[in-house]
Amino acid sequence: MNIENLTIASFKKGLEEKTFSVEEITEAFLKRIKEDNKEIGAYLSVFEKEASDRARRVDEGIKRGEALKNLTGVPIALKDNMLLEGTKTTAASKILKSYRAAYDATVVRKLKNEKAVILGKTNMDEFAMGASTENSAFYVTQNPYDTSRVPGGSSGGSAAAVAGNLALAALGSDTGGSIRQPAAFCGVVGMKPTYGAVSRFGLIDMASSLDQIGPITKTVEDAAIVFNAIRGKDSYDPTSVEKEYNEDITKPDFDEVKKLVIGIPKEYFIDGLSHEVKKGVEKAMGRFKKLGISFKEVTLPHTSYALSCYYIIMPAEVSTNLARFDGIRYERTKDDVKNLKDVYFKTKGEGFGAEAKRRILLGTFVLSSGYHDAYYAKAQKVRRLITDDFRKVFEGVDVILAPTTPTTAFKVGEKKDPLSMYLSDIFTVSANLAGLPAISIPVKKYIKGNGELPVGFQLIGKHFHEPDILSLGMLYEKETS
Ligand code: GLN
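Numbering of residues begins from 1 in every chain and follows the order in which that chain's sequence is written. Under the rules for a predicted model, residues below a pLDDT of 70 receive no local features and side-chain atom pairs below 80 are neither given nor counted, while totals for whole chains, interfaces and linings still include all residues. Excluding hydrogens and water, the side-chain values take into account all heavy atoms of the structure.

Visitor: Looking at this structure, how should I read the packing of helix α10 (residues 306–321) against helix α13 (residues 373–393)?
Guide: Relative placement of two packed helices is described by the angle separating their axes and the distance separating the axes. At a minimum axis separation of 9 Å, α10 and α13 run at an interaxial angle of 125°. As summarised for this structure, α10 and α13 are arranged oblique, according to the angle between their axes. Crossing handedness for the pair α10 and α13: left-handed. Taken together, the residues of α13 that come into contact with α10 (itself represented by Ala306, Cys309, Ile312, Ile313, Ala316 and Glu317) are Tyr375, Tyr376, Ala379, Gln380, Val382, Arg383 and Ile386. All residues other than Ala, Val, Leu, Ile, Met, Phe, Trp, Tyr, Cys, Pro, Asp, Glu, Lys and Arg, Gly among them, are scored as polar; the first ten of these are nonpolar and the last four charged. For the contact of α10 with α13, the class distribution of residues is 10 nonpolar, one polar and two charged. Inter-axis angles, ranging from 0 to 180 degrees, are taken between N-to-C directions of lines fitted to C-alpha atoms, where helices are fitted over the stretch in contact. A run of H or I in DSSP counts as a helix once it spans at least four residues, and a run of E counts as a strand once it spans at least two, with each numbered from the N terminus. In what follows, roughly perpendicular refers to angles from 65 to 115 degrees, roughly parallel to angles under 35, roughly antiparallel to angles over 145, and oblique to any angle outside these ranges. If you view the pair so one helix is near and one far, a crossing is left-handed when the near helix is turned anticlockwise from the far one by less than a right angle, and right-handed when it is turned clockwise. Whether two residues are in contact is decided by their heavy atoms: any pair within 4.5 Å suffices.

Visitor: Looking at this structure, how should I read the pattern of salt bridges?
Guide: Whenever a carboxyl oxygen of Asp or Glu lies within 4 Å of a side-chain nitrogen of Lys or Arg, that contact is scored as a salt bridge. Applying the stated criterion across every chain, the model contains 28 salt bridges. With a closest N to O distance of 2.3 Å, Glu355 and Arg358 form a salt bridge. With Glu355 and Arg358 both in helix α12 (residues 354–367) and three residues apart, the pair spans about one turn of that helix. In this scheme, a residue with accessible area under 20% of its type's maximum is buried, one over 50% is exposed, and one in between is partly exposed, where area comes from a 1.4 Å probe on protein chains only. Residue Arg358 is classed as partly exposed on the basis of its relative accessible area, which comes to 35%. Note that Lys478 is salt-bridged to Glu479, the shortest N-O span being 3.6 Å.

Visitor: Can you walk me through the side chain of Glu477 in this structure?
Guide: Examined against the element boundaries, Glu477 turns out to sit in helix α16 (residues 466–480). None of His or the chain ends enter the tally, which takes Lys and Arg as positive and Asp and Glu as negative. No salt bridge forms around the buried Glu477; measuring N to O, its nearest opposite-charge neighbour Lys445 is 7.2 Å away. For this analysis, a polar contact is any N or O atom pair within 3.5 Å, provided that within protein one partner can donate a hydrogen and the other can accept it, and provided that sequence-adjacent residues contribute only side-chain to side-chain pairs. Within the structure, Glu477 has its side chain in polar contact with the backbone nitrogen of Val220 (distance 2.5 Å). Not counting residues within four places of it along the chain, the set of residues in contact with Glu477 comprises Thr219, Val220 and Glu221.

Visitor: What exactly am I supposed to notice about the sheet that holds strand β11 (residues 456–461) here?
Guide: Pairing between the strands of a sheet is mediated by backbone hydrogen bonds and can be parallel or antiparallel. Pairs of strands are assigned from DSSP output, requiring at least two bridges between the strands. Ordered in space as β1-β3-β2-β4-β6-β5-β10-β11-β9-β7-β8, the 11 strands form an open sheet in which the pairing is mixed. Only two strands of the sheet have a single neighbouring strand rather than two, namely β1 (43–46) and β8 (294–298). Averaged over all adjacent pairs, the angle separating strand axes in this sheet is 25°, with direction ignored. Summarising the sheet, strand β5 (residues 189–192) and strand β6 (residues 212–217) pair through two bridges and their orientation is antiparallel. Bridge assignment links Val189 to a residue of β6, and that residue is Thr217. Strands β1 and β3 (117–122) of the sheet are contacted by helix α3 (residues 48–63), whose axis makes an angle of about 160° with β3. Its contacts with the sheet place helix α9 (residues 275–290) against β7 (261–265), β8, β9 (399–403) and β11, and it is angled at close to 150° to β9.

Visitor: Please clarify how the site of the ligand should be interpreted in this entry.
Guide: The environment of the ligand is formed by 15 residues, the closest being Thr175, Gly176, Ser178, Tyr310 and Arg359. Within the backbone of Gly176, one N or O atom sits 2.6 Å away from an oxygen atom of the ligand. Between the ligand and the protein, one listed contact pairs a nitrogen atom with a side-chain N or O atom of Asp425 at 2.9 Å. By residue class, the composition of the shell around the ligand is six nonpolar, six polar and three charged. Definition of nearness: a residue and a molecule or strand are near each other if at least one heavy atom of the residue lies within 4 Å of the molecule or strand.

Visitor: Before we go on, may I ask you to explain the pairing of strand β2 (residues 75–79) in this structure?
Guide: The side chains of a regular strand alternate, residue by residue, between the two faces of the sheet. With five of its five residues buried, β2 lies for the most part within the structure. In β2, alternate side chains face the same way, and those of Pro75, Ala77 and Lys79 on one face and Ile76 and Leu78 on the other are all buried. Note: β2 against β3, five bridges, orientation parallel. Following the sheet pairing, Ile76 is matched in β3 by Ile118. Note: β2 against strand β4 (residues 169–174), three bridges, orientation parallel. Paired with Ile76 across the bridge in β4 is Ala169.

Visitor: What am I meant to see in unusual backbone geometry here?
Guide: The general pattern is negative phi for most residues beyond glycine and trans for most peptide bonds. Residues Gly153 and Ser154 are joined by a peptide bond in cis, for which omega reads 5°. Position of Ser154 among the secondary structure elements: in the loop between β3 and α5 (156–163). Located in the positive-phi region is Thr133, a residue other than glycine, with phi close to 65°. Within the secondary structure, Thr133 is located in the loop between β3 and α5.

This is the structure in structure tokens:
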């Protein structure tokens, strides 16, 4: 069975026409994982037996005449910061290395209801802090397009799994770009939904006012299908919202889509943008123009403050969220400890990696009484200005098009100092600060092994206007494939 050309949409068709069974496809993916995961390192854990059993049960249901749902039998991977009852959930941290989830995240419950087959949990930067998976406490994931390069991060394992045909789709989480940046590096599609569109219940928090769960898939259509399955209000996440759409968002009316106006923000086409990325994004713009879409130049004047603003607000929230890993709740230290200080040194001191510690320290500093107003409070004001920039621009355009990343995938070990790593997030953090939906789409179909590295472009939409960015993406995909 050739799983390389399979998409969620074509998989469903295959099941309907009985071209294959869920079990056959699941086994094909499990075989691939066995062959290739050693090199790629996309998964931290694989549920071989559970996935096979589940696939068989789903097939039985189909035989009994159960209606096919959009994700019935779809072999899917989960980033290791989402809880799946009874299984290890480490967030790629030593501090949670043998922690087992006590319940299902809401997105997991939804995937189970849809009868998806969960293949395993994917590698990531520790607690989702990073842009390369090099901050994983366990191992570095490799980019399937060039194994000497990183897959991006923090959802690098999920993006590499989809790009390397080790899963048909995956879920990632995005706090400052962690779905879109690895998707761009691995030549796949990744969408960060509007803040509140998808429940965060059962996601291990990084920075709660920025985190969102979203799909990583081979096509935009597949991203729309997965998003539709996981979105919606959840009583366990008070920040979640139900949004009704007039039409089926997976089947847009392309004549209407062509009327959307795209804004090009000049602040995103700056000096640090690499030649390959610039060329790729221009190519994407050219294709949209050919399709008859109109463009406007726009300005988001506070863009240059976004990264600094993010690297104050995010660590502030990280420092409070990570306080719960205190060696008493969750994993308990088994060593002989004499007092509370000892417990902290044994657990936090040894359990957290360097990046997690750096952010806890930074966050504690910007929240401390003497510095709160100078840093945290000021950053919150800047966040408002950034959000207002978007609000103004969206009065004149429907969608914003920009690069996803300043460069293509970099080499493993290339970015040694943290600041140069943080710069990878320059084009993605604004959408998180403003809570807007954003998707990264590969400029074209890339072929592995010919030396060319994938480039992604980004579409940012208005709050809860996922259909705009998805339908434009689907139009692009339809016309370019
Ligand atoms: N690379 C960014 C960071 O290190 C984004 C992380 C994320 O989105 N989880 O914070």
